[in-house]
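# Understanding the architecture of this molecule
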Amino acid sequence: MKFNKVLRDIKTYEAGKPIELVVREFGIAPEDVVKLASNENPIGTNPAIAKVIRSNADIAHLYPDDSMFELKAALSSKFNVTDKNIIIGAGSDQVIEFISRAVLDENSSVLMSAVTFAMYEIYAKQMGAKVLRTASYEHKYDEFMEAFHMRKPKIVYICTPNNPTGDATSKEEVLAMIKAMHKDAIIVVDGAYMEYASAKDAKYAITPNDLLGYENVIYLGTFSKAHGLGGMRVGYGIAQVELIEELTKMRPPFNISTLSLAVAIEACKDESFVEESITLHQEQIKRYETFADENALEYIDSYTNFITYLFDETLNSTKISDALLQRGVIIRNLASYGMNAVRITIGTQKQNDIFFKHFKEVIA
Ligand SMILES: *Cc1c(COP(=O)(O)O)cnc(C)c1O
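Summary of the structure given here. (Residues numbered from 1 in each chain as written. Predicted model: local features only at pLDDT ≥ 70, side-chain atom pairs only at ≥ 80, totals over all residues. Heavy atoms only, no water.)

## A look at helix α11 (residues 258-269)
Since there are 3.6 residues in each turn of an α-helix, residues three or four apart along the chain are aligned in direction. The terminal C-alpha atoms of α11, which comprises 12 residues, lie 18 Å apart, in line with the 16 Å expected from a rise of 1.5 Å per residue. Taking burial as the measure, the 12 residues of α11 include 10 buried ones, the bulk of the element. Residues of α11 that are buried: Thr258, Ser260, Leu261, Ala262, Val263, Ala264, Ile265, Glu266, Ala267 and Cys268. Looking at the buried residues of α11, the elements they touch are α2 (47-55) and α3 (69-79). (Helix = DSSP H or I, 4+ residues; strand = E, 2+ residues; numbered from the N terminus. Expected span 1.5 Å × (residues − 1). Buried < 20%, exposed > 50% of the residue type's maximum accessible area, 1.4 Å probe, protein only. Contact = heavy atoms within 4.5 Å.)

So this is what it looks like as structure tokens:
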């Protein structure tokens, strides 16, 4: 069989390892497995969500409201934009796919930082486009501007806070880049972890409204991280009407499920769960910083719900991740990103206790 030649150059996205795999391969009881690999919310989701799921048990045969009227209404009042500024995706991942398919072809390129969200590259390569990366994992103005003017990419990704590194780019710097780039490129500001950054330091807080004055900029948000709804697959893009209208041509009908739609609407009603999650997170991440300081480990100051530990030559991220996996602790090895580093999602107090117990032994 002959497949499209662009597929030759694509590496399948490596998702965080599921709990079931550790249970199967290492014979560890599921309740003893600690998964700190996919930036899920460790306390789960808002209890009101479970009620919505139960009360919607009898609507599985119905297609969802494809206009997504209620969800868009909830998001437009939350962000102070109109419903015409919003597109809903099966995760913000799917919005990245729409953007890629809307503007890329084999003669175009996309620009991103050296180490950033893996799906930007995969969707670009599916379209046969070239992937350009700056030298640093941070989003540095000079590096982005030089590559932008020399290579004229069709899409520029600004992931802030950045995954898998955890650093953030200030609103001032993001706006400076947007203003200095011409309007032929779509600039994607991916705020998947924005709730955590905004809570930590207002200088990094970016809202969709901050960007709505620019015709070529789209803000991405998701219910998967702070809202604890990764399994429901709901994300959104917010931009000027014309951009949203073009992207909507790429959207398949009923792209999120009836149940996903119902829970996302519910999640918009109550921000207290997100606040509670962030409070727990801020408490627990301090333990990771203190541990690193006490053990002379380097880490990247995090504006997300995870922390990235950088190892020197005495520690090997692959060996450490494998050893932890055998003990039932799943974290993310960043070797495939070209870094001798690991990314650890901050867990509950109990999960973090278990992590430190094993991690101490493994690095000893
Ligand atoms: C998790 C994540 C997303 C999207 O997640 P979805 O579950 O598809 O909404 C987008 N960008 C970054 C940087 C992420 O970490």
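Text resumes after the structure shown.
## With respect to the sheet that holds strand β6 (residues 186-190)
Pairing in this open sheet of 7 strands is mixed, and the strands run β2-β8-β7-β6-β5-β3-β4 from one edge to the other. Single-partner strands in this sheet number two, and they are β2 (86-89) and β4 (130-133). Shown here is a sheet whose adjacent strand axes are inclined to one another by a mean of 20°, direction ignored. In terms of strand pairing, β2 meets strand β8 (residues 235-238) through 4 bridges, oriented antiparallel. (Pairing = 2+ DSSP bridges. Axes fitted to C-alpha atoms, helices over the stretch in contact; angles between N-to-C directions.)

## So, the pattern of salt bridges
As enumerated under the stated definition, the model contains 13 salt bridges in all. Salt-bridge contacts for aspartate 301 lead to lysine 200; the nearest nitrogen and oxygen are separated by 2.8 Å. A residue pair is termed long-range when its members are at least 10 positions apart, and aspartate 301 in the loop between β9 (298-300) and β10 (306-310) and lysine 200 in helix α8 (residues 194-200) qualify at 101 residues. Judged by relative accessible area, which is 37%, aspartate 301 ranks as partly exposed. For arginine 287, the salt bridge goes to aspartate 353, with nearest N and O atoms at 2.5 Å. Of this pair, arginine 287 sits in helix α12 (residues 272-294) while aspartate 353 sits in helix α14 (residues 349-363), placing them 66 residues apart in sequence. Taking relative accessible area as the criterion, aspartate 353 reaches 37% and is therefore assigned partly exposed. Bridged by salt links that share partners, the residues Asp9, Glu121, Lys125 and Arg133 form one connected network. (Salt bridge = Lys/Arg side-chain N within 4 Å of Asp/Glu carboxyl O.)

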